[in-house]
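# Inside the fold
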Amino acid sequence: MTDALENIAISISTLDSSDHAKAVVTDALSQGFSPTEIAEKGIRRGLQIVGEKYEASEYFLSELLYAGSLVSDLFELLKPSMKNNQLERKGVIVLGTVRGDIHDLGKNIFKMLADSSGFEVHDLGVDVEPTAFVDQVKESRPQVLGLSALLTTALMEMKSTLDALRAAGVKGNLKVLLGGNAVKKEFGVEIGADATALDAVEGLEICRGWTKK
Amino acid sequence: MSTLRERFNAVIHLRKPDVLPWLENVYDETLVEWLQQGLPPERVTVIDWEMGRGGTSLANMTTIKGFNPYPLFGCQSLYGSLLQVDIGPIPRFKQRLLKETDRHLEFITETGAIARRSKTGKYAWYNMPMFVEFPTKDRETWHKYRERLNPEDPRRYPKDWDSEAYIKSFESYQDGNTMMRFNGFYGFGAEIMGIPTFNLMFYKDPELIHDMIEYWEYFTVETIRSAVETLQDRIDVVYLWEDFADRHGPCISPKLFKEFFLPHYKRVTGFLAKNKIDRVLMDSDGNINPILDLVAESGINGLWPLEVNSGMNAIEVRKKYGDKFFLIGNLDKSELAKGGQSMKKEVDSKVPVLKELGGYIPGADHVIPVEMTLERFKEYAEYIKPMLAY
């Protein structure tokens, strides 16, 4: 990695001020790096380091949210230069909080990370009917369906959603990822989900593993 | 034989009681389930006098004050006798319905947040509302909100506040602990700003966070001053609501905790200690392990609920931190709710060991969930009670 791109990754991973991070990206653009290179080898690399620091308990929620906000500022800055530079899509994720649950804090953090890391994310919001997940899966053909629940009373809705996917014949190779405070790994195994993530960063790593080309 | 209060005080001061207390917190909607499952209402309903339903006449009327299921099962409420000092915004925001769809209701709450709740689910409140907007977003809205946090407002104390009467009442109460409760620094900020915005502001506008935390220290100390200086150690424990962690760990890093919270905690717990209140219990869900050294340094010396699903283990905390903390909870509520061998295994794995290690009060690792049936709670009660005596 060249210095300019590495500087971007460092700027994000050390939680620089937004103004300084923008200056570092502007510098890389002026050196002739394409927006795609900047996004892939600078910004996303920086976010990945933040994720690693989070998993190592060096960073916590504040740092994760700030890094996400920083990345969002930098993508805004890149937007005008990106017209002819389509970013590589890492995969497609359909996401939502299951029926009976209206909480979305964890889901939104996962969405922000997945989006910034190059996934195409279709977020169906909260209190989502199993049939709505099925319809979106048919339409978007994702590799991953992420189901979120904070409440223990909504856990069985995760099973209902999986049942609906199977009944509609769309489970096939689709990977189903569970997340949210109510969910334990054993529960995921019990209802036949492909994986359960304890937090947003672990969820993103699982998606990366599933969609690796 | 000791009273329930004496037992509680023995454990929180890491002394050996004759019998361990057992503390639970039964959620209202769980109780409604239990009433439908055969819990005799006449055994748990509290009826008492009230002056003309809120003071509308001078007649002393009897009224249903609420429910107290704890003695029936042989446990005590976590909250005991609570001194109600009002730390909320005064004047309150007028709670009202803002929006209704076929599935949801949106309200403005008394604290000025907009909360959405489901109208289709069986449980209205157990399913916790989702807060979609908060009254504090930036410096300007914080300054506006702060106008409602005047510690001198006489409405902050109970209508019947009277030093001598309260001293007598707090001295004679023996059915459990006496407690004072208010929000800690994270709980306060997250409640009026929302978790994402509050957490972001530590980096985006640290001066705003310093200002908020500094004011909260001033506000809480000045608000509780009269009660604390009057009642002193007749208040057994001060309860701080924080909820600053999820399964991964604390929402804010040890570094931020140290910089933004630690000096303020020390001043609040120092003020309490100066008035002989030496037990401060922190309520935080989630994995708080990474921050426990700093929590101990801040003068907090009690932990509840020690959520198992987030990796908290009371035996490990006791072994690592010795007598720095008294511990309450840590029995996995979902295992207790399963009953039978799952419940017994969970109780057996913790209670006998912690009873010997000391400084531990058994209980579920948060409120008793609606999934816990009355029969299973009775089974749990019958199983745990014989273990409590020394």
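Since the structure is predicted, the reported quantities are computational estimates derived from the model, not experimental observations.

Scoring rules and cut-offs
- Residues numbered from 1 in each chain as written.
- Chains lettered and ligands numbered in written order.
- Predicted model: local features only at pLDDT ≥ 70, side-chain atom pairs only at ≥ 80, totals over all residues.
- Helix = DSSP H or I, 4+ residues; strand = E, 2+ residues; numbered from the N terminus.
- Rg over C-alpha atoms; globule rule 2.2 N^0.38 Å.
- Buried ≥ 20, exposed ≤ 12 C-beta atoms within 10 Å, placed from the backbone.
- Domains from an automatic or database assignment.
- Axes fitted to C-alpha atoms, helices over the stretch in contact; angles between N-to-C directions.
- Parallel < 35°, antiparallel > 145°, perpendicular 65-115°, else oblique.
- Left-handed = near helix turned anticlockwise from the far one by under 90°.
- Contact = placed C-beta atoms within 7 Å.
- Nonpolar A, V, L, I, M, F, W, Y, C, P; charged D, E, K, R; others polar.
- Pairing = 2+ DSSP bridges.
- Core = buried A, V, L, I, M, F, W, Y, C linked by C-beta atoms within 7 Å.

Our focus in this paragraph is the overall build of chain A. Each helix and strand counted, chain A has nine helices and five strands in total. For chain A, whose C-alpha radius of gyration is 18 Å, the value lies close to the compact-globule estimate of 17 Å for 213 residues. Within chain A, the proportion of its 213 residues that are buried is 52%.

Another aspect to go through is the overall build of chain B. Within chain B, the secondary structure is distributed over 16 helices and 15 strands. Against the compact-globule benchmark of 21 Å for 390 residues, chain B has a radius of gyration of 21 Å, which places it among compact chains. In terms of its C-alpha atoms, chain B occupies a principal-axis envelope of roughly 55 × 55 × 50 Å.

Note on interface size: it is often stated as the accessible area lost on association of the parts. Residues and elements named next belong to chain A. Taken domain by domain, chain A comprises domain 1 (3–82) and domain 2 (91–211). For domain 1 and domain 2, the distance between their C-alpha centres works out to 27 Å. For the side of domain 1 that touches domain 2, the secondary structure elements donating two or more residues are helix H3 (35–55) and helix H4 (61–78). For the side of domain 1 that touches domain 2, the element with the most residues is H3, which contributes five residues.

Domain parsing of chain B yields domain 1 (4–26 + 71–89 + 135–387), domain 2 (27–68) and domain 3 (94–134). A separation of 25 Å is found between the C-alpha centroids of domain 2 of chain B and domain 3 of chain B.

The next point concerns the packing of helix H8 (residues 185–193) of chain B against helix H9 (residues 195–204) of chain B. Residues and elements named next belong to chain B. Packing of H8 against H9 leaves a shortest axis separation of 7 Å and a crossing angle of 120 degrees. In this view, H8 runs oblique relative to H9, as classed from their interaxial angle. Taken as a pair, H8 and H9 cross one another with a handedness that is right-handed. Here Gly189, Ala190 and Met193 of H8 come into contact with H9, specifically with Ile195, Thr197 and Phe198. Grouping the amino acids of the contact of H8 with H9 by side-chain chemistry returns four nonpolar, two polar and no charged.

Our focus in this paragraph is the interface of chain A and chain B. Taken residue by residue, the interface counts 23 residues in chain A and 30 residues in chain B. Tallying contributions element by element places H4 of chain A first for the side of chain A that touches chain B, with six residues. A class-by-class count of the residues in the side of chain A that touches chain B yields 10 nonpolar, eight polar and five charged.

Let's shift gears to the sheet that holds strand S6 (residues 96–100) of chain B. Residues and elements named next belong to chain B. One open sheet holds the four strands; their spatial order is S6-S7-S8-S9, and the pairing between them is antiparallel. Two strands lie at the open edges of the sheet, namely S6 and strand S9 (130–133), each paired on one side alone. The sheet shows a mean angle of 30 degrees between the axes of neighbouring strands, direction not considered. Bridge analysis of S6 against strand S7 (residues 104–108) gives four bridges, and the strand direction is antiparallel. From the neighbouring strand, lysine 99 faces S7, where its bridge partner is glutamate 106.

Turning to the environment of leucine 98 of chain B, a few remarks are in order. By the element assignment, leucine 98 of chain B lies in strand S6. Counting along the chain gives 72 residues from leucine 98 of chain B to phenylalanine 170 of chain B, while the straight-line C-alpha distance between them is 42 Å.

Here we come to the nonpolar core. Ranked by internal contacts, the top residues of the largest apolar core, which has 154 residues, are Ile8, Ile12 and Ala149 of chain A together with Val238 and Leu327 of chain B. In terms of residues, this core owes the most to one element, H4 of chain A, which gives nine residues. Sequence-distant contacts of isoleucine 8 of chain A, that is, excluding residues within four places in its chain, are made with Val24, Val25, Ala28, Ile38, Gly42, Ile43 and Gly46 of chain A.

Once that is clear, we can look at the sheet that holds strand S12 (residues 280–284) of chain B. Two pairing modes exist for strands in a sheet, parallel and antiparallel, and in both the strands are linked by backbone hydrogen bonds. All names here are of chain B. Read across the open sheet, the seven strands follow the order S5-S10-S11-S12-S13-S14-S15; overall the sheet is parallel. The sheet is open, and its two edges are formed by strand S5 (81–83) and strand S15 (360–364), each paired on a single side. Pairwise comparison of adjacent strand axes, ignoring direction, gives a mean angle of 30 degrees for this sheet. Sheet topology places S5 next to strand S10 (residues 178–183); three bridges connect them, and they run parallel. Paired with leucine 83 across the strands is methionine 180, a residue of S10.

Further remarks concern H8 of chain B. Within an α-helix, residues lying three or four positions from one another point in the same direction, as the helix has 3.6 residues per turn. Residues and elements named next belong to chain B. Counting buried positions over the nine residues of H8 gives eight, a clear majority of the element. Along H8, the residues that are buried comprise Phe185, Tyr186, Phe188, Gly189, Ala190, Glu191, Ile192 and Met193. Elements that come into contact with the buried residues of H8 comprise helix H6 (139–146), S10, H9, helix H10 (206–231) and helix H11 (254–274). Directly after H8, the chain includes glycine 194, whose backbone phi takes a positive value near 85 degrees.

Attention now moves to the environment of valine 308 of chain B. Residue and element names in this part refer to chain B. Its location among the elements puts valine 308 in the loop between strand S13 (302–305) and helix H13 (314–321). Residue classification places valine 308 among the buried positions, given that 21 C-beta atoms sit within 10 Å. In sequence terms valine 308 and lysine 16 are 292 residues apart; their C-alpha atoms lie 25 Å from each other. Residues within four places of valine 308 in sequence aside, it is in contact with Asn330, Asp332 and Asp365.

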